[in-house]
Amino acid sequence: MYPPPPPAPHRDFISVTLSLGESYDNNKSRRRRSCWRKWKQLSRLQRNVILFLLAFLVLCAFLSYTHLSSQWKALGGSPTEGERLRVEMPGLKPANPPVLPAPQKADASPENMLTMLPQKPWKHIRRGPPRLQIRAPNIDTKDGTQGEDKEQVAAPRDTRQEETPQRTVISWRGAVIEPEQGTERPSRRVVASTVPSVPAARMQTDPGSPNARQKGVIEAFLHAWKGYCKFSWGHDELKPLSRSFSEWFGLGLTLIDALDTMWILGLKKEFEEARNWVSTKLNFEKDVDVNLFESTIRILGGLLSAYHLSGDSLFLRKAEDFGNRLMPAFSTPSKIPYSDVNIGTGVAHPPRWTSDSTVAEVTSIQLEFRELSRLTGVKKFREAVENVTRHIHSLSGKKDGLVPMFINTHSGLFTHLGVFTLGARADSYYEYLLKQWIQGGKTETQLLEDYLAAVQGIKAHLLRRSEPKKLTFVGELAHGRFSAKMDHLVCFLPGTLALGVHHGLPTEHMELALALMETCYQMNQQMETGLSPEIAHFNTFSQPGLKDVIVKPADRHNLLRPETVESLFYLYRFTGDRKYQDWGWEILQSFNKHTRVRSGGYSSINNVQSIHKPEPRDKMESFFLGETLKYLYLLFSDDRDLLSLDHYVFNTEAHPLPIWSPV
C-alpha cells in the first residue's frame, strides 16, 4: 500500500485585464455616454422645459448684473454737491422793519467775501444774499447768521410719528435711462451770470399788527401746524383724522411748502423750528423717485422763496443740491424731461403706463430753474428748461395758441391731438408763459406772443355762458366737440389775466377776469358747504329749478385747493374792491366749519353738497399751508405793497420769486 499523496499546495490567482489603446479616465467617457443616453431617453417636452428654464436663469442673471452695476456706478461716484459745498454767507440776519429787496451782489471787500467751513476744502463763489425781510424771525446768534450747526429746536411731536410711514405713491417703472456724465453733479467752475440783477424793491411803510381777518388766518395756520407737528413732523403730509402721516417723497413736503408762509405771517418760533429741521434732517441722498413737476414747484420753489425772504444761505445750498439731482430727468432723446427721477441714483423714467409727459408738467418748472441759474451762476438749469420752452413754441398741433395735454419724451411731439383744456395737465402752461415774461423783465417777446395767442384761443373756442345767471365759464374741447366742464384748477385764470393787465396787457383781459372771478365764487357759493367741487359742469340750457353749477357724484370732493382765493388776491390788489376780501372770508369760514379737525389740522372732504356728512378724506395737502392760507393772508392785508407784484412773481405753488430788471 502506498501512503496517500500529500495535499496540493494552496495557490491564489489574480486576474488582470489589459485594455489596449485606452487609458484610465475613471469612466468619464462612459459617464458622458450614459448622461447623453439619459438625455435622449427624455421626451421632447421634457427637454424643451429644461432648456427654457436654463435660458430663463441666464437671462435673470444678466439683468441682475446690469441693475447692480448701475447702482454701484451711481453710488460709487464723486461726492454730491451737498456734501462738497458748505458755504456761509455773512449778513444774513433778518431785520425789522420789514423790507422786501431783491438779491444783490456781495461786496468785494474782504469782510463780505464768502467763507468756507473748515472741513470742506472746495471753494465756490456765489452771488451775495438778498435782504428780504417781512416781520422776520429774530435770530440771536453771536454773529447774526443762522449757522447749520446750531442746536435743533425740538418741535412738539407724538410718538406715533416714529411708526413706519404709509407709502401712498406707486414707484413707476417704465423706460429707464442712466444719467449722462456731467448731469448729476455740478461743475465746480465759477460761471459768471449773464442774467441782469434784480432791482431793489420798495421798502414797506410801518406794517403794523395783523388785522382781525389776518389774525383769523394765523389762527387757522397754527391749528393746522399743531396737527402737523404733533402727528407728522418731518413727514410729507398730515392725516389729521387718524393722527398719522403719509409719505409721497419722504422729504418733509408740508414743512418746506410752508416755510415762506410762516415768514410772511410773522411766525418766528415756528419758522426757526422748521429751519433747524431743514438744516439737520433734510437729506436728498436717498433712493426715492420724485415727480419732477411737483418736487420743483413745492421743494425747489419753497427753498428759493425761503432764501429770498430770509436771506439764509442754507436754503440756497439745499436748493442747488436738489436742482442738480433733478437734472437727469432732462436726459431724453428729445430733451423733453421724463416725469420722474430718482434723486439718489440719478435714474429718470416716465410713468410705467406711457412714455408721455404732460404739457403742464414740462412747461411749469421754468420759473424755478431760471432763478436757480441766476442765483448760482450755473447755466445748465436755465438752458434745460428754456430748451423745452423753445421746443414747445415751435411744435405743430396747437389750435389758436391752445396746446394738447400730452407730449412724447422720445419724439418730442404732442400726442392725443385735438383735446384742449385749461384744467389738469395743461393749466399752468398758460400761467407760466405770462409769469416767465414778467420774471425776465418783459424782454422775451416769444413768451408774450404765445400767451396772447392762447388768450385769443380761449375766447374763440372755450368760453360759454351758463343758465340762468349767465356765468362766463371755460369749458373743454375734444375733437371739435365742446364740453361744459370746468375744473376748479381753472380758477387760476382770473388772477393770471388781471396780472397781465397790471403789467400792460390789453384791458379787455380784465373784463374777462372779472367775469370768471364771479363764476369761481359761484362754484363755491352754490354748494351747501360753501366750498367748490373739484370739477363742475355748467347748465347751458334754460330749465326751471336748475342751478348754473351741476356736480356729478365723482366730482364733488374738495382738496383745500387755493385757486379761487389766489385769484381773489389778485383781483383785490388791482381793483381795491373789498367784496373780494368778503368772498375770501366766507371761504375761510367754510374751511373752518367743514374741514377743521379738532385735534389739529384740516382735512379734504368727499362731499361739498352735504353739511351733515361732508365725509372727510383724512388728508391735508401741503398746498393748504403753502398756498391757500398764504393767499388768504395777503388778500386780507391792508398793505398792498406787501410782496409787491411789481417786484415779485408767484410760482404755481405760491412761492414768491423776484422779478429781474430788463437788460
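Structure: above.
What counts as what
Residues numbered from 1 in each chain as written. Predicted model: local features only at pLDDT ≥ 70, side-chain atom pairs only at ≥ 80, totals over all residues. Heavy atoms only, no water. Pairing = 2+ DSSP bridges. Helix = DSSP H or I, 4+ residues; strand = E, 2+ residues; numbered from the N terminus. Axes fitted to C-alpha atoms, helices over the stretch in contact; angles between N-to-C directions. Parallel < 35°, antiparallel > 145°, perpendicular 65-115°, else oblique. Left-handed = near helix turned anticlockwise from the far one by under 90°. Contact = heavy atoms within 4.5 Å. Buried < 20%, exposed > 50% of the residue type's maximum accessible area, 1.4 Å probe, protein only. Core = buried A, V, L, I, M, F, W, Y, C linked by side-chain atoms within 4.5 Å. Phe/Tyr/Trp six-rings, centres within 6.5 Å; stacked < 30°, edge-to-face > 60°. Lys NZ or Arg CZ within 6 Å of the ring centre and 35° of its normal.

Undergrad: Give me the lowdown on the sheet that holds strand β16 (residues 481-483), citing residues and values where you can.
TA: Paired through their backbone hydrogen bonds, the strands of a sheet run either parallel or antiparallel. Strand order in the open sheet formed by three strands is β12-β15-β16, and the pairing between neighbours is antiparallel. Among the strands making up the open sheet, the edge pair consists of β12 (419-420) and β16. In terms of strand pairing, strand β15 (residues 476-478) meets β16 through three bridges, oriented antiparallel. Across the sheet, Leu-477 pairs through a bridge with Phe-482, a residue of β16.

Undergrad: For the packing of helix α15 (residues 493-502) against helix α17 (residues 563-575), give the residues involved together with the corresponding values.
TA: Interhelical geometry of α15 versus α17 gives an angle of 30° and a closest axis separation of 7 Å. Accordingly, the angle class assigned to the pair α15 and α17 is roughly parallel. The chirality of how α15 crosses α17 is left-handed. Counting all contacts with α15, which are made through Leu-493, Pro-494, Gly-495, Ala-498, Leu-499 and His-502, the residues of α17 involved are Ser-567, Tyr-570, Leu-571 and Phe-574.

Undergrad: Residues and numbers for helix α11 (residues 366-376), please.
TA: Each α-helix turn comprises 3.6 residues. Residues three or four places apart therefore point the same way. Taken across its 11 residues, α11 has 11 buried, putting it largely inside the fold. The set of residues buried in α11 consists of Gln-366, Leu-367, Glu-368, Phe-369, Arg-370, Glu-371, Leu-372, Ser-373, Arg-374, Leu-375 and Thr-376. Backbone geometry just downstream of α11 places Gly-377 in the positive-phi region, at approximately 80°.

Undergrad: Please give an account of the nonpolar core that cites residues and values.
TA: The nonpolar side chains of a soluble globular protein tend to be buried, and buried together. Within the largest apolar cluster, 157 residues are counted, with the highest numbers of intra-cluster contacts made by Trp-225, Leu-255 and Leu-259. The contact partners of Leu-259, leaving out residues within four places of it in the chain, are Phe-271, Ala-274, Arg-275, Val-278, Ala-306 and Phe-315.

Undergrad: Account for the packing of aromatic side chains, naming residues and giving values.
TA: Under the defined criterion, the tally for this structure stands at 23 aromatic pairs. Ring geometry for Phe-369 and Phe-381: centres 6.3 Å apart, planes at 50°, overall tilted. Note that Phe-369 is positioned in helix α11 and Phe-381 in helix α12 (residues 379-394), a separation of 12 residues in sequence. For Phe-369, a relative accessible area of 0% gives the class buried. Its relative accessible area of 0% is what places Phe-381 among the buried residues. A network of ring pairs unites the aromatic residues Phe-569, Tyr-570, Phe-574, Tyr-631 and Phe-650 as a single cluster. The ring of Phe-482 has Arg-464 sitting right over it, with the charged end atom 4.0 Å from the ring centre. Just above the ring of Tyr-572 sits the side chain of Arg-640; from NZ or CZ to the centre is 5.4 Å.

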